[in-house]
Amino acid sequence: MSDTTGNDGKKPLGLKGGTVRQSFSHGRSKAVVVETKRRRVIVPKPGSAAKAAIKSGAGHLSDTELARRKKALEAARAMESERAAKEKADSEAREKNRSERRAEKDAAEREAAETEIRKQREAEEATVKAAEAAKTVEAAKPARKVLSGSAAPKQRGNGKKEDDVAASQVAGARAEAGRATTFKKPDAKPASAPDRKQQRGKGGADRRRSGKLTINQALGGGGRQRSMAAMKRRQEREKRKMMGGPVEREKVFREVQVPDAITVQELANRMTERVAAVVKALMTNGIMATQNQTIDHETAELIVEEFGHKVVRVSDAAVEDIIVEAPENDAENQIPRPPVITIMGHVDHGKTSLLDAIRKTNVVSSEAGGITQHIGAYQIEADDGSSLTFLDTPGHAAFTSMRARGANVTDIVILVVAADDSVMPQTIEAIHHAKAANVPMIVAINKIDREGADPTKVRTELLQHEVIVEAMSGEVLDVEVSAITGEGLDKLVENISLQAELLELKANPDRPAEGAVIEAKLDVGRGPVATVLVQKGTLRRGDIFVVGEQWGKVRALIDDQGNRIEEAGPSTPVEVLGLNGSPEAGDVLNVVPDEARAREIADYRAQVAKDKKAAAGAGTTLDQLLANAKANESVSELPILLKADVQGSAEAILQACERIGNDEVRVRVLHSGVGAITESDITLAEASGAPVIGFNVRANAPARNAANQKGVEIRYYSIIYDLVDDIKAAASGLLSPEIKETFLGNAEIKEVFNITGTGKIAGCFVTEGVAKRHAGVRLLRDSVVIHEGKLKTLKRFKDEVKEVQSGQDCGMAFENYEDIRAGDVIEIFTTEEIERSL
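First, a word on scope: everything that follows refers to the structure included in this document. If you're wondering where the values come from, they're calculated on a predicted model, not measured in any experiment. (Residues numbered from 1 in each chain as written. Predicted model: local features only at pLDDT ≥ 70, side-chain atom pairs only at ≥ 80, totals over all residues. Heavy atoms only, no water.)

**Points about unusual backbone geometry**
Negative phi characterises most residues that are not glycine, and trans characterises most peptide bonds. Going by this rule: Helix and strand definitions follow DSSP, with helices as H or I runs of at least four residues and strands as E runs of at least two, each counted in order from the N terminus. The cut-offs for exposure are 20% and 50% of the maximum accessible area for each residue type, with area from a 1.4 Å probe on protein chains only; residues under the lower value are buried, those over the upper are exposed, and the others partly exposed.
The phi dihedral of Ser 422 is positive, around 65°, even though this residue is not glycine. With respect to the secondary-structure elements, Ser 422 resides in the loop between β11 (412–418) and α12 (425–437). Judged by relative accessible area, Ser 422 falls into the buried class, the value being 2%. If you check the backbone angles, Asn 696 has positive phi at about 60° while not being a glycine. Looking at the element boundaries, Asn 696 is found in the loop between β26 (692–695) and α19 (701–710).

Spelled out as structure tokens, the structure:
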């Protein structure tokens, strides 16, 4: 190894350097030789770094990339120059525009200043003229007073002419002065915006009128004066007074149009009377109503006549004049139509079974409880090719309105009577409906295949209700039928066709359709659905119609078999889709030309119904309010909330609930509707503490969750008499129980003992019956009841006993009463509470 290299292969230290002493622990130290080296500083040559960077970059970029970057750089420089040029041009244009607007503004200000100066001069000239005219009038008056003698008439005539001239001059000056306004001086500069605000704040109300020059101001007067309109009114009053006419204006009597319901304020406006006067007149007649409340037609007519005006009755159907009635007596357009037959009778007499046998269907199997609870409409084809339309009505007592609707739209009534049950209450009701509708009747004696069937008994009992069949030498057709075996069905259909031929039923199909709503419901997925029996014209898909308070456009027509059809002629039952709401059963459907008119009619009918309801509740006298409050004070109410599947069922249940109750309890339906039970129904029921009744409907999931959380009871029913029975039982629970009193016996007090710590004890002798402990007692003194309570103790000798028989002595004490004397009589009795039912 060379001497210049150390043991570790490093170069030895040079001579330049120094010695450094290192310190260690325990006081040890060591001297170390170190070498000091100078750092080498490299100074780059000018431009060498840029060249190196270009060379390094050029080494990494291709020629194409360099050309692209160069092109992009040139494009950026071009865009920058274009932008600068455009900004310069825009700036020059803005400056030019600004200069033009400034010049126009200056010209307008100069023109305005000139106009102000010109108007000021005109105003000054008008003021001078008015002053001269006034002075002329004043100078002419003394001259006329001096004249006398024979020249007086002539002078008076001249004075009159002079007055006319002066008056015309004054009037012209007044008109010119009224048109003139005061302006600033010509040498004054226009006020700035702050100055105008300050002037506006200081001037107030007087400054607003400072621009109007009047005669008084022209003659030197000052201050605010009367307006020209007030002066004219004063002159008119003075003129009427001088001519001997009435000073006050005569009252104008008007013709006031009064609808069925009108608000007090609207009535006052139509009479041009003050609302306070109308309210006062109502209070004088005993009606407390404010200006926003609604009054009925009779009350409004009374008030109008009291003010001296004439009442003009507005027709309710004025807005419905667009529903044009087509002539039905046009023989050329009349064609035969199918008859409408309504099947009526008592419940469980086989009406639906008879119709099923004719139609060869089985509707009975789908009815809950085996009874019909909805009105149904069907159409069948007879053997001779003719069509027959049937309406099947329920027979339960609650469905009276359904049977009435069926009788009102029918041509023929089939009265079904069971041969083994004879005439029943709903049979009699059906007879009354048929007579009220003045339609022919056919008696179908059903169930003749059963044991105990007696058709003769049915015919005999029908005589009591003035229904005389052909077998009894009458005019009413009767047929013995059996829905089970099919016996007599052909004869029944034959008699129906014969009766229809005698009626000669015809209709015009080429006119706007008109029909009656048989039933209405709210279907999930399809919305409001109405079962309509078309009576006149033809109902087509796409027609705009109005029905009751609802309107719609026919989206689909579905027949009784569930098939979609394009049109429905007279006497055809169809389901109509496309309503905006569920109509009432029994409403009339009319086709109108366009949607706007349908909306107008529906809105009008809804408003009329709303006003009638409001008028029924408003306008109540104080005596009536007090009487109602006193009558309802002792009446208990059972609130319920009702939802049904169809409108007819809801109507029938409402009528049944109205018949439940007496003077002490009644059922109050808070809300009734068609469709599923919703969350809003649960909220209303919770607020009112009422159960929710669902008839053939169910609650949706949110409603069920809300009912579980809020503790609202939901009851479901599918048979109407079960629902009515449960409501009747619940209402019966609100009746106060009947107290029944049972006499036990009498006891006479012989002596009264005062025992310390116990009180007064009556020593008694049972004279009649038996005395029982804890029984009710009455204390009689001189045959007058002075106390009624209960026995506290009953003792025989020293022992407490349950009862003491007649003829034995005993000791008695009353609860919380000690005013007893010898000779008093104690009457012992028991009371029992008996539950009452409706």
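Now, onward.
**What to know about the nonpolar core**
The cut-off we apply is this: By convention a nonpolar core is built from buried Ala, Val, Leu, Ile, Met, Phe, Trp, Tyr and Cys residues, the set being connected through side-chain atoms within 4.5 Å. We call two residues in contact when some of their heavy atoms are within 4.5 Å.
Core analysis: the largest hydrophobic core is formed by 24 residues, its most contacted members being Leu 354, Leu 388, Phe 390, Ile 414, Leu 492 and Ile 496. Among the secondary structure elements, those contributing two or more residues to this core are β8 (340–345), α10 (351–359), β9 (376–381), β10 (387–392), β11, β12 (441–446), β13 (477–480) and α14 (489–503). If near-sequence neighbours (up to four positions away) are discounted, Leu 354 is found in contact with Val 416, Ala 444, Val 481, Ala 483, Leu 489 and Leu 492. In this structure, Leu 642, Val 665, Ile 693 and Ile 727 belong to the second largest nonpolar core, which totals 21 residues.

**Thoughts on the pairing of strand β29 (residues 759–772)**
The two faces of the sheet receive side chains in turn, since in a regular strand these alternate between them. Which entries qualify depends on this criterion: At least two bridges found by DSSP between two strands is the condition for calling them paired.
Pairing between strand β28 (residues 738–755) and β29: 10 bridges, direction antiparallel. Residue pairing in the sheet places Ile 755 in a bridge with Gly 759 of β29. Connecting β28 to the antiparallel partner β29 that follows it, the hairpin turn spans three residues, and Gly 757 within it adopts a positive phi of roughly 90°. As judged from the three bridges shared by β29 and strand β33 (residues 803–805), these two strands associate in the antiparallel manner. Bridge pairing in β33 links Val 770 to Gln 805.

**As for the packing of aromatic side chains**
Quick note on the threshold: Pairing of aromatic side chains requires ring centres within 6.5 Å, counting the rings of Phe and Tyr and the six-membered ring of Trp. Pairs whose planes differ by under 30 degrees are stacked, by over 60 edge-to-face, and all others tilted. Whether a charge sits over a ring depends on NZ of Lys or CZ of Arg being within 6 Å of the ring centre and within 35 degrees of the ring normal.
Tallied over the full model, the rule gives zero aromatic pairs. Its guanidinium or amino end placed over the ring of Tyr 716, Arg 698 lies 4.4 Å from that ring's centre, counting from NZ or CZ. A cation sits over an aromatic face here: Arg 778 above Phe 829, 4.1 Å from the ring centre.

**Side note on helix α20 (residues 720–732)**
Heads up, the condition is: By this rule the span expected of a helix is its residue count minus one, scaled by 1.5 Å.
Helix length check: α20 (13 residues) gives 18 Å between terminal C-alpha atoms against 18 Å at 1.5 Å per residue, within 8%. Against β24 (636–644), α17 (647–658), β25 (665–674), β26 and β27 (714–717) lie the buried residues of α20.

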